[in-house]
Amino acid sequence: MNNGIYFDHAATTFLDERVLAEMLPYFQSKFGNASSRHAFGREAVAAVDEARVKIATALGAKENEIYFTSGGTESDNWAIKGVSDAVGQDKKHIVTTSIEHHAILNTLSELAKKGYEVTYVPVNRQGVVSVSDVVGAIREDTALVSVMLANNEVGSIQPVKEIAKEAKKMGVLVHTDAVQAVGAIPVDVNELGVDLLSVSAHKFNGPKGIGALFVRNGVRIGKLITGGEQERSMRGGTYNVPSIVGFGKAIELAVEELSARSERVRFLRDRFVSEIEKAIPFVTVNGAEKDKKLPNNANVCFEYADGESVLLALDMAGIAASLGSACSSGSADPSHVLLAMGLSEGRARSSIRFSFGSENTEEEIEKAVDVLRRAVERLRSYSPLFKQIESGKGNV
Ligand SMILES: Cc1ncc(COP(=O)(O)O)c(C=O)c1O
């Protein structure tokens, strides 16, 4: 067991032991193929069905609107490719935002190569799109609007409900990537009024490699994976029964414990931010006001200190945080989300995402603040620019 301090819950979370306990039998004694027509198969399919009910209930959906996938990336791919395949050749325009996850952005770049046109609606300084900008981008030939429910880097919550209401009047389908939102804030497909929604289990203490796409009844989408008759022939492949069972249990617990968990992480996050602000000068928190973003997110800019170096110092002290999304952490580019919010490249490179979980403690926060204070002080001591600023000779 790694006994470091983990402040990277937006990247992934540990598997809840109650979830693991439900999954274990399906690796060994209950190993049946859910598509087999014998007792072993029936046992497995019953577990898959039960999990589907739990997931549908958690999201306010119907059971036959839930399609299992391998996670958020596949769900996002399927939503976009599936809708564009189904709507026909006269609708080759998609509206999205400039701060989506790469599962959306890179899927759209692929479609662009095939002749689709994509409008990337900008966001404001808080990392939020305007409803009128999104609605104003809809055209006669728009096939889909895809706007994430909550951003993975800065946690800003998007006005998806208002967007869906307007798009519906114009007869345009709406997809939302709710990967960061489910388990963090209440998510109900009918309340939101969306047609498609992506979810991934590993963001709320479920297993990795399993997720779902909600597809509202009546919405036509093409298949992403052809194969057997699983998922009403829409997504072939032998069911990953243990993971599906774990997904069901994890989402059930996430909804039951939502208010306690979010209260706890909000408390820890607010405490962290206020301690950082007290201990370190020239610190700004990126993104929306704290009530308009995910309760566990703090994306902090340590001006005049390079983010990579701060992260390294944290890592050496056994503290895990991240530069942006885990998926782009191999890239040397500054975060596309922070740049889209209008931050300079320098500020974007000095920003770090801390995302908390309810198992974190105040002692961990104190330790992290101390490590950060020392690391930032040291890094700034190497910066001639910071020395000028400190002595009052430079512009802040
Ligand atoms: C907003 C968002 N969408 C999609 C994904 C991809 O999900 P998965 O890791 O399940 O493929 C992530 C994961 O970081 C995410 O944060």
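Counting restarts for each chain: residues are numbered from 1 in the order of the written sequence. Reporting in this predicted model follows two pLDDT cut-offs: at least 70 for local features of residues, and 80 or more for side-chain atom pairs to be given and counted; totals over whole chains, interfaces and linings ignore these cut-offs and use all residues.

Quick look at the site of the ligand
Throughout this description, a residue near a molecule or strand is one whose C-beta atom, derived from the backbone, lies within 6 Å of it. In the vicinity of the ligand, 16 residues are found, and the nearest of them are G71, G72, T73, N152 and S200. Secondary structure follows DSSP: runs of H or I at least 4 residues long count as helices, runs of E at least 2 residues long count as strands, and numbering of each begins at the N terminus. When residues of the shell around the ligand are assigned to their parent elements, the largest contribution, three residues, is made by helix α3 (residues 72-87). Looking at the shell around the ligand residue by residue, the classes come out as five nonpolar, nine polar and two charged. Here the shell around the ligand spans two domains, since at least three of its residues come from each of domain 1 (5-11 + 258-390) and domain 2 (17-256). For this classification, the nonpolar set comprises Ala, Val, Leu, Ile, Met, Phe, Trp, Tyr, Cys and Pro, the charged set comprises Asp, Glu, Lys and Arg, and every other residue, Gly included, is treated as polar. Segmentation into domains, and thus their bounds, comes from an automatic or database assignment.

Brief notes about the nonpolar core
Only buried Ala, Val, Leu, Ile, Met, Phe, Trp, Tyr and Cys residues enter a nonpolar core, and they are joined through C-beta atoms within 7 Å. With C-beta atoms placed from the backbone, a residue counts as buried when 20 or more other C-beta atoms lie within 10 Å of its own, as exposed when 12 or fewer do, and as partly exposed for counts between those limits. Counting 84 residues, the largest nonpolar core has I55, L59, V145 and F214 as the members making the most contacts within it. When residues of this core are assigned to their parent elements, the largest contribution, eight residues, is made by helix α8 (residues 241-256). Contact criterion: two residues are in contact if their C-beta atoms, reconstructed from the backbone, are within 7 Å. Discounting chain neighbours no more than four positions away, the residues touching L59 are V187, D188, V189, L197 and F214. Core analysis: the next-biggest nonpolar cluster, separate from the first, contains 29 residues, I5, V265, V310 and V376 among them.

Side note on the domain arrangement of the protein
Here the protein is partitioned into domain 1 (5-11 + 258-390) and domain 2 (17-256). Here domain 1 and domain 2 have C-alpha centroids that lie 29 Å from each other. Facing the 23 residues of domain 1 at the interface are 24 residues of domain 2. For the side of domain 1 that touches domain 2, the secondary structure elements donating two or more residues are α9 (258-279), β10 (297-302) and α11 (336-340).

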